[in-house]
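A closer look at the structure
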Amino acid sequence: MNAKRIYYFDNNATTQPTPEVIEIIQDCLNKYWGNPSSGYEFARGVKQMIKAARQNIAALLNAEPGEIVFTSGGTESINSAIHSAISCSDNKKHIVISSVEHHATLNFVKSLEKKGYKITFLPVNSEGLLDLKIVEKVITEDTAIVSVMMANNETGVIYPVEEIAAICRERRVLFHTDAVQALGKIPIDVKKMGVDFLSISAHKMHSLKGTGALYVRAGKPFKPYIIGGNQEQGRRGGTENTPGIIAFGKAAEIALSRIGQVDRVRHLRDKLEDSLLRLIPGTYLNGAKNCRIPNTTNISFSFVDSEAILYELDKAGVCASSGSACSSGGIEPSHTLLAMGLSRQRAKSAIRFSLSYYNTEEEVDYLISILPDIIKKLRANSPLIFRL
Ligand code: PLP
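Right, let's walk through the structure included here.

Reading the values: the criteria
- Residues numbered from 1 in each chain as written.
- Predicted model: local features only at pLDDT ≥ 70, side-chain atom pairs only at ≥ 80, totals over all residues.
- Heavy atoms only, no water.
- Near = heavy atom within 4 Å.
- Polar contact = N/O pair within 3.5 Å; in protein donor to acceptor, adjacent residues only side chain to side chain.
- Areas by Shrake-Rupley, 256 points an atom, 1.4 Å probe, with all protein chains shown as cover.
- Helix = DSSP H or I, 4+ residues; strand = E, 2+ residues; numbered from the N terminus.
- Nonpolar A, V, L, I, M, F, W, Y, C, P; charged D, E, K, R; others polar.
- Buried < 20%, exposed > 50% of the residue type's maximum accessible area, 1.4 Å probe, protein only.
- Contact = heavy atoms within 4.5 Å.
- Salt bridge = Lys/Arg side-chain N within 4 Å of Asp/Glu carboxyl O.
- Pairing = 2+ DSSP bridges.
- Axes fitted to C-alpha atoms, helices over the stretch in contact; angles between N-to-C directions.

In the vicinity of the ligand lie 13 residues, with Thr-75, Asp-178, Gln-181, Ser-201 and Lys-204 positioned nearest. With respect to the ligand, the side chain of Asp-178 contributes an N or O atom lying 2.7 Å from a nitrogen atom. Burial of the ligand by the protein amounts to 87% of the accessible area it has alone, namely 390 Å². No other element matches the three residues that helix H3 (residues 74–87) contributes to the shell around the ligand. Here the shell around the ligand is built from residues that sort into three nonpolar, eight polar and two charged.

Turning our eyes to something else, we now look at the side chain of Glu-363. Tracing the chain through its elements places Glu-363 in helix H14 (residues 361–380). Residue classification places Glu-363 among the buried residues on the basis of a relative accessible area of 10%. Of the polar contacts made by the side chain of Glu-363, one reaches the backbone nitrogen of Thr-360; its length is 3.0 Å. Each residue touching Glu-363, except ones within four places of it in the same chain, is listed here: Arg-5, Ile-6, Tyr-7, Phe-9 and Tyr-358.

By secondary structure assignment, the location of Arg-269 is in helix H10 (residues 262–279). C-alpha of Arg-269 to C-alpha of Asn-91: the two residues are 178 residues apart in sequence and 46 Å apart in space. Not counting the four nearest positions on each side in its chain, Arg-269 is found in contact with Arg-292, Ile-293, Pro-294, Asn-295, Thr-296, Thr-297 and Leu-355.

Time to look at unusual backbone geometry. Negative phi values dominate among residues other than glycine, just as trans dominates among peptide bonds. Positive phi values are uncommon outside glycine, yet Asn-91 reaches one of about 70°. Of note, Asn-91 is situated in the loop between H3 and strand S3 (94–98). Look at His-206: it is not a glycine, yet its phi comes out positive at around 60°.

Before going further, it helps to examine the pattern of salt bridges. Within the structure shown, the criterion is met by 20 salt bridges. Here Glu-76 and Arg-236 are joined by a salt bridge, their closest N and O atoms 2.7 Å apart. Taken together, the positions of Glu-76 in helix H3 and Arg-236 in the loop between helix H8 (231–234) and helix H9 (242–258) put the pair 160 residues apart, joining distant regions of the chain. A single burial state applies to Glu-76 and to Arg-236, both of which are buried. Between Glu-273 and Arg-292 there is a salt bridge whose closest N-O contact spans 2.7 Å. In this pair, Glu-273 is assigned in helix H10 and Arg-292 in the loop between strand S9 (283–285) and strand S10 (296–301), connecting sequence segments 19 residues apart. The buried category is assigned to Glu-273, whose relative accessible area is 0%. Residue classification places Arg-292 among the buried positions, given a relative accessible area of 5%.

Remark on secondary structure: sheet strands pair via backbone hydrogen bonds, oriented parallel or antiparallel. Pairing is antiparallel across the open sheet formed by three strands, whose spatial order is S9-S10-S12. Both outer strands of the open sheet, S9 and strand S12 (350–354), are each paired with one neighbouring strand and no more. Each adjacent strand pair in this sheet contributes to an overall mean axis angle of 30°, direction not counted. With five bridges joining them, S10 and S12 adopt antiparallel strand pairing. Along S12, the bridge assignment pairs Ile-299 with Ile-351.

A separate point is the sheet that holds strand S6 (residues 174–178). Spatially, seven strands are ordered S2-S8-S7-S6-S5-S3-S4 in an open sheet, and the strand pairing comes out mixed. Only two strands of the sheet have a single neighbouring strand rather than two, namely strand S2 (68–71) and strand S4 (118–122). Taking each pair of neighbouring strands and ignoring which way they run, the sheet shows an average axis angle of 20°. Bridge analysis of strand S7 (residues 197–201) against strand S8 (residues 212–216) gives five bridges, and the strand direction is antiparallel. Pairing of Ser-199 across the sheet is with Leu-214, part of S8. Along the sheet, H3 contacts S2, S3, strand S5 (143–147), S6, S7 and S8; its crossing angle with S7, the most-contacted strand, is approximately 165°.

Here it is, written out as structure tokens:
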């Protein structure tokens, strides 16, 4: 039996591992399976490979290798940065985040709220953009950390982290950015951006799940979140996930060499977006058109429930998402779209398509050719009905 062909437009949820990455993981499991902390030569080879991976990740971020702490993924990196900031902050009790952060940030700070921390959620406008003046206004003497993502996972909107970092520096407040969705899609330069912490994840960049890294600016005090052995220079306990780390290093090397190809991804995204908005009446783009990562589009299809659209797309072999993967399946509309002031109905009719280097023009053409009919059919049966 032939496997059904898949048209994958959900790269913000996860990405397909590159062949070179798969190869190095196999190599790692077959030949380099020693514990990097062991003293003999066999293990020193593994240690050497981790060192090379650290250098590759640092090069991708314009960081120093010593500033990279390997973790189990974006979620752990984010939790660790915020945990460290509040633990090193002389009992400061105020945290500032944007209202459109990923659940890895949102739910972590909400858990801290229950322990007595005060959280300020920065508002965004209808395009998902932040007002820097509000950032300046909400910081107080009691603020331990500000955390604003570099790019939003649902709309792709890019945030002015360099400017926010400058405000935080002036006010002597630590700044963290969740760069999970920016990695490999737009340049990241931690020196230029002036951030204190930056979180990344390997599986969003064609590598393994369960692997990530936290950039910690040299000289910043740091308290580990995962406490155990002295791995990662005492900044993260636990035997290293060697296949994950080494594969992440390989993915970083490939991403650096591919950054010039990002225009092709942008061209495909724009073709998809322009065509859907033109061919299907009652469609709306969610998020600032000219301030987005190049692979993401988020479109509302009036009077149709996104879950119904996803069901039809799935039958046609198309993978997409109604928001962040962590909340899909839930009935609540996306907190990001609601924070932008969109109606519940518009938020509940939104679909995110996210592309990668692997998408082809033929795949985009296929999606453009099937979606107008899917929407027409669903609208014909829609209880919410309207006539366009
Ligand atoms: N931050 C953003 C913006 C994300 O999109 C994700 C994953 O969807 C995460 C954090 C969490 O990363 P991980 O899956 O590696 O824990």
